[in-house]
Every structure is written in C-alpha cells, then in structure tokens.
Amino acid sequence: MTFLSELRRRKVFRLAGLYIVGAWVVIEVASISFPAWGIPDTALRNLFIAAALLFPVALVFAWLFDITPAGIVRTPPASTDDDVPLKLGGSDYLILVALAVIAAVVVTGSLEQVAQESTDTVTSITRKPENSVAVLPFSFADDAVDAKAYADGISEAVLHRLASYGTVKVLASNSSFRFRETDKSIPQLSNILGVRYLLSGSIERDGNRVIVKASLMDDAGFEVWNKAFDGPETRIFDFQNGIAAGIANHITAGTTATEYRTGATTANAEAYRHYLVGMEYSNSRLPGWQESAEQAFRQAIAEDPGFAPAHAGLAMAIYIGTPLFERFERREKALEIATRAYEIQPDLAETRAVLGLVLSEGNESALEEARTHLETALRIDPSYSDAYNWLASVLRQLGHEEEWQRMQERGIEIDPLNPALVSNVASRIAARGDFDRAIELRKRLLQLPNPSGLAYWGLYIQYHDYQNLVESLRWAKEAAIAYDGTRNQLAFFSIANVYEQLGLAEESEYWLNLLDQEHPDPIATLMRRGYMSILRGDMAALRAICDKLAATGITRSDRLPPNIKQRLGAFFALAGQPEVGVPLLESALRIERPVEPSTISEELGQMTYVLATAYREIGDEDKADELLQRGHDIVSMLRADGLRQDSPTELEMLVYQHILSDDLQSAAIALRKAIDAGWTNYYWFYNAPYIEEAARSAELAPLFAEALLRVEEQRDLVLEQDATDKFRERIQLMLEKNSET
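Summarised in this report is the structure supplied together with it. Please read all numbers here as calculations on a predicted model, not as lab measurements.

### Description of the environment of Gln577
Line of reasoning, step 1. When you line up the elements, Gln577 lands in the loop between α25 (562–574) and α26 (578–589).
Line of reasoning, step 2. Distance in space between the C-alpha atoms of Gln577 and Cys546 is 8.8 Å, their sequence separation being 31 residues.
Line of reasoning, step 3. Excluding residues within four positions of it along the chain, Gln577 makes contact with Arg543, Cys546, Asp547 and Phe572.

Written out as structure tokens, the structure is:
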C-alpha cells in the first residue's frame, strides 16, 4: 500500500479538509466581529498563526486515532490476521494528553496575544465620561487648493461651538484630528480617544453653495443622529451652529448654550476662507508656515477688518513663529495685534487666549493679567487645549505648584493625545523619578497615525536626561525623519549634541552645518557653536564666539528671556570674562529672591555653581560662598523626595557640590555612584574650567578614565549602527525631495 493510500485509509485527508474549512470559518467570523468589539485587525494575524500551528497536531491525531460512536479508538492496521485490540492503552492516553497540552498552549498564547493587541490599541484612557464626544475631521469632495483647510476649519468650528454647551464634554482637535483617514473602527477610536460618541461629516462646494452632512455614531458603531445642510456659503455659520445644537440636544436633552460664544461670524465668505487657510498653516508647523499663515490672516483682515479671529491668528503666527532670539523684538507687534483682536471681540476664547500668551513671556508684571485672560478663555471654550499649556506655564512662573500641575492634568483630559501636553506631563513625571511611566506615556503617542516629530523628540529628551546616549540618538534620528527631513532645528541640534557628547566632533559638525545652512540666524549659530566649544573643552574658540556675541549687542538687551541670559552668562563666565557673564547670570537667576521649589532644575543648579565660581574669579568670596550655599539648597531640593537620588543627573549635581566645596572624597563617592547609574556626561564635565583641576586629581582621575571607557562603549555601538542605517543618506534624500517640491 502506498503512503497516499494509507493517508486516505486513515482519513487524514478528510480531517485536514474539515480542519481547513473550520479554521477559515473562524477567521472569517473574527474578521467581522473583531472591529465591532474594538479588537484591532492585527489580532487576526495571531489567529492565523494559531491555526497553522495546530494543523500538524490535527494531522498526527488523524493518523493515530479514529473517532467512532463508541469514542476515540486506535486506527486499525492496514492488514492483519490477528484480532488487534483498538481500545486505547496507557501510551495512547499519554499521546492524547501531549497533543491536548500542545493545543492548549497554542490557543492560550494566541488568546493572550489577541488580548494584548487589543490593550495596546487603547491609551491610558479607560473611562469614557458621559456625554463625551470627539469630532473627526470632515471629508471634502472638491479639488480646490483650500479644500482641506476649509473642511478642517468647519470641523474645528463645530467642535468649538459644541464645547460651549456646558453639559457636553468635547475632545480637543489635536487628538481627534490625528485619525484622519484611519483604518480603525468606530469602537476602536472610541476606546483610544475615551469618548462615548464620534462625529464625522463631509463637505461639498458647488460655486457659492455648500452642502454639509454630519453623522453621530455611538461607541458601539451605530449611527444615532444625522443631518444634512444645503444652502449659500454665507450660511455656513448657521450650519455649524445647527450641527452643534442637534448633537448637544441628542446627547443630553434640554441642553442650552452657555452665555459665551466660541466663534465669530463674518458676512464675508472670502475673509473666512483666508482665515481657515491661515489656521491650516499655523496648525501644520511645516517649514515656511509662518510667512504663509501671516499672509492668509492679513488677507482675511483686508476683506473684513472687524474679523477678530483673523487678528488673533495673525498675532499668534507672529509670536509663535518667530525664532526665539527675535521673538522679544516682535513681541510688541504681536501684543498690538492681539490687543486689537481683544478690543474687537473680548468674549472669544481665541482673542483672550492669544493675548494671554503674548503677555505671559518676558513680562513678569503682566503674569496675573495673562492668567486672567487664559482662565477666561478656558471658561468660554474648555476644548481650547493650547490654553491649558499656556496657563500651566503662567501658573508655574507665579509659583503655584499644585495649580500648574492640575492645569496640565485637565489639559490631558481634554486633549489626551496632544504631543505638547503629553510631553510636559511626562517631563514632570520623570522629574519626580518615575522614568518608566514617563517613557510609557511618551510611547503611547507613537500609536497615533503619523506621529508628530515632537513625540519622538520627547523620547530623545527622556533618554538624554538619563544619559543613555545610544537610545537618545536613536530617537533624535526618528524625530528628524518624522519632521520629514525639514532640517528641524530641535532634531538636528539634538543629533549634533549627542555626537559631540560621544566625542564624534566631525559627525557633530556635519549636522551643525545643516542647521547653519537652513537657519542662518547669526546669534543662534553662535550660541550653538558656543555650547559645542564647551563640550570640546576649546576655550579659545569659546572666547572668540563670546567676542562675536558681544559685537551683536545682545548682551546689552533688556528683552532676553531668562534661559538665554543664563546661557550667555555661562559662556562669558567660562570664557574668562566674568565682568560680562556675572550681571547676565545675576539677572537670569534672580539671586535676590529665595529659591522656589517650583522653579528648581538641574540647569538652575549648574548655572548657580557657574556664577559662584565667577564670583571667586573676581575675588568676591562672600558672594561665592552665598551662591555655593544656594546651589547646595537646590541640590537638596532636587533630592528631597528621594525619587531621583540615584539618577545619573542628580548624582552629577552632587559631584558638582562636593568638588566646589573642596571635598574630593565625597565627590569620588558620588561619581562612583553616577558611573554605576550610567553617567555619560563626561566631556561637558571633564572640560569645565572650574572642574578641570579636581578632575585630574588622584581621587577622581581613575573614575573619569572609567567614565570615558563607558562613553567609548556607547560610541562604538553608535558607529556600528551608523554603518548600517545610512542615516545621512536618508536625510539627504528627504532634503532633496523637499527642495524639489
């Protein structure tokens, strides 16, 4: 008898056919039911793998056993004259148990993986508040250049109008608009966004007529409300209000709008179109967005000088889109326009929020006024997520520790997938020592369709803060790719910084040159080069850079933000020009005030020690001792809660403290702990002028040599990765493509 004949006799082919049909039915049912249950489509892959793994088990069973009315028996031999017993014996039971165990392991593992896939799709939001709704970006049917901007603007307007209904909780567009053209089901989106309802719609334009269709779905995927609006474009604001009112009345009967208005109408359709285009550019943050946004807002204002949102948009574009070193020069212009917007319509969230933003930076005396405007903006429109970030910043500057943290949490509730809000909350969590939770929070942003560059850059910051240079470089590169190779300053400078910390000056120089080509701001270029000179221990280069900075007049400006003053002051102090550096550091650090817990940071501690050493250079020992004590207080506050005492950065601060106190034995103990914790900030520390002598002492020199070996180990890993990922070439192709388009 041939092998094929034996397979037929043992009914292996029949069982194989039945198995394949059964598995196909199960997978088909799963493909239909999984989306309805909020289980991602990728979970189907696990079912398919399980079916494939169990197929050999089924074939072995068919070969050895038969299923009869009397139960499972052995398959009889092909031919024999003896009466062979078919009843199962001990060895048969062992085989059946083994097959059952294999099947159970495969099935259990697959079910766990399906459950994990489903869990991974859901962010930290597990509770869906009653009456909560997310507005998805409306689709558009025409090919006009401004079609997407127009549709997004209508969607956003509906969202803000809906937010004016006190009993409806509306998710901010920063989160919901990220799921444009998503393949996720309504139940999946409901779980991810943490809402009970989702609103979608479409917009068609035909000449001066517009058709708006809206549909509300519940979290099970069923449509519970829909309506179409058709009329002249001048009625678009009526359509927006009609959609918002219909949804609010459906979600919660008897709802009435608050006394505030969250949008303004203009009789000029062209003004509104230009405004929507300006908002599209502002929200994109792509290269050149500022100029394009300003132009669109100015066109809107030219069409309707009394259109307050256009004035607010222009003020925000001027202020936010301006490089940091120019921002304070242009602040007055932005303040003038923001004030004009507020005067035209003081009951708009946009006018209040933008005025609060412009007032909040560089003007301590206006912080309370900024707070009032921002708080009012959020009362008018609780879905204005950026205002939570801006208000949190104001509250922190005012020293209200609990309030600014609470404001961040409120912002996350409204806009849980906003990269800026998530990044700020993660930074705060990490600062309290919970590194793993902060990383988890940041990585959730990567689940979004087309994650923003900020999501990746936040991971760079996190790993860099804990001095894992390999991982921090990885995420800085991912950020550059996510920014589509647009020579983003943050991503490219971060890459250059890590290479410099690894002692790869040539590679660092390559990325700095890219920045210089794309962003030829002379002051920014000098600041970047000054920082790298310190890392390299090239004090001659730092002195030359300081001379150039002094020639620009920037050191005499009274409009510099504190962080820029700090860095400038440190440059001049380290370059041996304390007469310039000390006043800048004194002003930035506000040493006449007591240290506030809400303002402390590692950088503040480092800069305080730099100022202390500068006082020593000019012979003012009393002030030097006073600043050393202030630095010790900052270190103590940083370590007070005990959560970050063993992090490399915190231990580095302790090394600073002991060296500047001439306690090299304690410094050696702290440095030993820092190295064991993964400390890699070797070049910055070893080359600092006020550390140099101690670093070469008998107590510390062997430890610094060991730290250098750790850095070189990470450098070798990076060089190995660079040889395979061809990152330079990838970015260059992106740059060339962007230049062509």
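### Considerations on the side chain of Ser282
Line of reasoning, step 1. On the secondary structure map, Ser282 appears in helix α9 (residues 269–284).
Line of reasoning, step 2. Excluding residues that lie within four positions of it along the chain, Ser282 makes contacts with Trp289, Ala293, Phe297 and Ala317.

### What about the pattern of salt bridges?
Opposite charge on two side chains allows them to pair when their charged atoms are near.
Line of reasoning, step 1. Scanning all chains against the criterion turns up 29 salt bridges.
Line of reasoning, step 2. Of the charged contacts in the structure, one is a salt bridge between Asp152 and Arg180, with a shortest N-O distance of 2.7 Å. Residue Asp152 is found in helix α5 (residues 147–163), and its partner Arg180 is found in the loop between α6 (173–176) and α7 (186–193); the two are separated by 28 residues along the sequence.
Line of reasoning, step 3. Since its relative accessible area comes to 28%, Arg180 is described here as partly exposed.
Line of reasoning, step 4. The salt bridge involving Glu603 is made with Arg567; its shortest N-O contact spans 3.5 Å. Here Arg567 lies in helix α25 and Glu603 lies in helix α27 (residues 602–617), a separation of 36 residues in the sequence.
Line of reasoning, step 5. Note on Arg567: relative accessible area 34%, which makes it partly exposed.

### Describing the packing of helix α21 (residues 489–501) against helix α23 (residues 522–536)
Line of reasoning, step 1. Packing of α21 against α23 leaves a shortest axis separation of 10 Å and a crossing angle of 15 degrees. Regarding the angle of α21 to α23, the classification is roughly parallel. Seen from above, α21 lies across α23 with right-handed handedness. Side by side, α21 and α23 meet where Gln489, Phe493, Ala496, Asn497, Glu500 and Gln501 of the first sit next to Arg528, Tyr531, Met532, Leu535 and Arg536 of the second.
Line of reasoning, step 2. Looking at side-chain class alone, the contact of α21 with α23 contains five nonpolar, three polar and three charged residues.

Rules of the game
For every chain, the first residue of the written sequence is number 1, and numbering continues from 1 onward in sequence order. Side-chain atom pairs in this predicted model are given and counted only at pLDDT of 80 or more, local residue features only at pLDDT of at least 70, and totals for whole chains, interfaces and linings cover all residues. Note: side-chain values were computed over all heavy atoms of the structure, leaving out hydrogens and water. Only runs of H or I of at least four residues qualify as helices and only runs of E of at least two qualify as strands under DSSP, and these elements are numbered from the N terminus. Contacts were defined at the residue level, with two residues in contact if any of their heavy atoms lie within 4.5 Å. Here a salt bridge means any side-chain nitrogen of Lys or Arg lying within 4 Å of a carboxyl oxygen belonging to Asp or Glu. Residue exposure (1.4 Å probe, protein chains only): buried if accessible area is under 20% of the type maximum, exposed if over 50%, otherwise partly exposed. Lines fitted to C-alpha atoms define the axes here, with helix axes fitted over just the stretch in contact, and angles between the N-to-C directions of these axes take values from 0 to 180 degrees. Convention used here: angles under 35 degrees read as roughly parallel, angles over 145 as roughly antiparallel, angles from 65 to 115 as roughly perpendicular, and any remaining angle as oblique. Note on convention: the crossing is left-handed when the near helix lies turned anticlockwise from the far helix by less than a right angle, right-handed when the turn is clockwise. When residue character is reported, Ala, Val, Leu, Ile, Met, Phe, Trp, Tyr, Cys and Pro are called nonpolar, Asp, Glu, Lys and Arg charged, and the others, Gly included, polar.

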